[in-house]
Amino acid sequence: MTTVPLNDLQRAASDQEPALRDAVQAVVASGWYVHGPQHRAFEQEFADYTRSGHCVGVASGTDALGIALTAAASGARDVVVTAANAGAYTSVAALGSGLRPRFADVDPATHCLDPAALEPLLQPDVCAVVVTHLYGRVADVEPLRELCDGAGVVLVEDCAQATGAHAGGTPVGSFGTVATFSFYPTKNLGALGDGGAITTDDPLLADRLRALRQYGWTSKYLIEVDRGRNSRLDEVQAAVLRVRLPLLEAGNERRRQIVRRYRSAAGGSVVVLDAPDGHVAHLAVMECDDRAAAQLALSAAGVESDVHYPVPDHRQPTLAHLHDGRALPVTERLADRVLTLPCFPQLTDAEVDRVCDVLASL
Ligand SMILES: *Cc1c(COP(=O)(O)O)cnc(C)c1O
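Description of the structure in this document. (Residues numbered from 1 in each chain as written. Predicted model: local features only at pLDDT ≥ 70, side-chain atom pairs only at ≥ 80, totals over all residues. Heavy atoms only, no water.)

### Structural notes on the sheet that holds strand E1 (residues 54-58)
At step 1: Strands sit in the order E1-E9-E8-E5-E4-E2-E3 across an open sheet of 7 strands; the sheet is mixed. Both edges of this open sheet fall to E1 and strand E3 (100-104), since each of them pairs with a single strand only. Put simply, the sheet's adjacent strands are angled 25 degrees from each other on average, direction ignored.
At step 2: Note that strand E4 (residues 126-132) and strand E5 (residues 154-158) share 5 bridges and pair parallel. Its bridge partner lying in E5, Val 131 is registered against Glu 157. (Pairing = 2+ DSSP bridges. Helix = DSSP H or I, 4+ residues; strand = E, 2+ residues; numbered from the N terminus. Axes fitted to C-alpha atoms, helices over the stretch in contact; angles between N-to-C directions.)

Right, dumping it as structure tokens:
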């Protein structure tokens, strides 16, 4: 019995092989390896695609968060409020930027930051709120933005799982002050290595982000912005991303299609989270009462599955001591109930059918 993999990056790479090889070879021949013409062109193309005024390429999604948060921090405001069910990337980035995470509970239907839970946490020590468009689902940002605006807090959208997502035609990244993206190979727009980007409409903030990603330089060898680092998106990755960006819409549509098929096949004891138009189904996630049994049935049928994410941030060994003790009942309940099914554009119909057969039996 062959395995239905959770993901298989080789399939896309093999379909795109000639174009990827040409792109990489052109970089090798060009003599430009960082911040050259590929990077400049990608920043422009990605800004256009996300309809943002400015795109700043960086080395990873975590760096994108860390740099955006460094730019957001000011004076005594050193707390970042976020959800604890989104893989801890924001918490890790905040700590790396000398900031402290504070956790708000999530909405049981969307798994995204719950505005009612956020409100009491917006104390005067908060510099930023990070909302994650989890699993490719567009979070309802409007109520969060109203709260942030009222508190003078920067709203960051973590779009690492939602490249290409939109709400009624408005792309993710347009709702907050600043947005972060990851091009880690498994993401909807993935590189052949690490990469990330930050987008914003604010030209002054964009200048600050550009300085922060390269030593704090405002011009060569002049360090005018404090707490800079080195985080560059290299030419090879930029060239690869330029090959893949035009393919993103079709890939996202195939992901949605797969989720729809899982949803209609699912038996009574499981619910597959939906991926309506505008959402990009980065992961196909289901909820169930007996996850161990579901995992067993899937693996008996040769279907891989995984949990995103099993350990909430406030339960992580290195983060628990930072938690204020506030109860996060929805976050904890979901950590025991979520299960991720295979979902990537090159999954075949026959493989989708095999997953559907197991889902129907649950
Ligand atoms: C993958 C991911 C990140 C981190 O991106 P890297 O490029 O791996 O650093 C951040 N946030 C979310 C929600 C992610 O899924």
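Now that the structure is up, let's keep going.
### Digging into the sheet that holds strand E14 (residues 338-341)
At step 1: Strand order in the open sheet formed by 3 strands is E12-E13-E14, and the pairing between neighbours is antiparallel. Since the sheet does not close on itself, it has two edges, and those belong to strand E12 (270-272) and E14, each with one partner. For this sheet, the mean angle separating the axes of adjacent strands, direction not counted, is 30 degrees.
At step 2: With 4 bridges connecting them, strand E13 (residues 284-288) and E14 associate as antiparallel partners. Bridge assignment links Met 286 to a residue of E14, and that residue is Leu 339.
At step 3: Docked against the sheet, helix H11 (residues 291-300) engages E13 and E14, running at close to 15 degrees with respect to E14. (Contact = heavy atoms within 4.5 Å.)

### Details of the packing of helix H4 (residues 61-72) against helix H8 (residues 203-213)
Angle between the axes and distance between the axes: these two values describe a pair of packed helices.
At step 1: Where H4 meets H8, the axes come as close as 10 Å, and the angle between the chain directions of the two elements is 125 degrees. Here H4 is positioned oblique relative to H8, judged by the angle of their axes. For H4 against H8, the interelement crossing comes out right-handed. Taking contact as the criterion, the partners of Ile 67, Ala 68, Thr 70 and Ala 71 in H4 are, on H8, Leu 205, Arg 208, Leu 209, Leu 212 and Arg 213.
At step 2: Taken together, the residues of the contact of H4 with H8 break down into 6 nonpolar, 1 polar and 2 charged. (Parallel < 35°, antiparallel > 145°, perpendicular 65-115°, else oblique. Left-handed = near helix turned anticlockwise from the far one by under 90°. Nonpolar A, V, L, I, M, F, W, Y, C, P; charged D, E, K, R; others polar.)

### As for the site of the ligand
At step 1: Neighbouring the ligand are Ser 60, Gly 61, Thr 62, Tyr 89, Thr 132, Asp 158, Ala 160, Gln 161, Ser 182, Tyr 184, Lys 187 and Gly 195.
At step 2: The contact in question runs from an oxygen atom of the ligand to an N or O atom on the side chain of Thr 62, over 2.5 Å.
At step 3: Lys 187 places a side-chain nitrogen or oxygen 2.6 Å from an oxygen atom of the ligand.
At step 4: For the ligand, the accessible surface in isolation is 380 Å², of which the surrounding protein chains cover 93%.
At step 5: Classifying every residue of the shell around the ligand by side-chain character gives 3 nonpolar, 7 polar and 2 charged. (Near = heavy atom within 4 Å. Polar contact = N/O pair within 3.5 Å; in protein donor to acceptor, adjacent residues only side chain to side chain. Areas by Shrake-Rupley, 256 points an atom, 1.4 Å probe, with all protein chains shown as cover.)

### A short note on the environment of Pro 342
At step 1: Within the secondary structure, Pro 342 is located in the loop between E14 and helix H13 (349-361).
At step 2: In this structure Pro 342 comes out as buried when scored by relative accessible area, which is 0%.
At step 3: Residues contacting Pro 342, with those up to four places away along its chain left out, are Val 4, Pro 5, Leu 6, Ile 258, Tyr 262, Ala 284, Val 303, Glu 304, Leu 347 and Val 355. (Buried < 20%, exposed > 50% of the residue type's maximum accessible area, 1.4 Å probe, protein only.)

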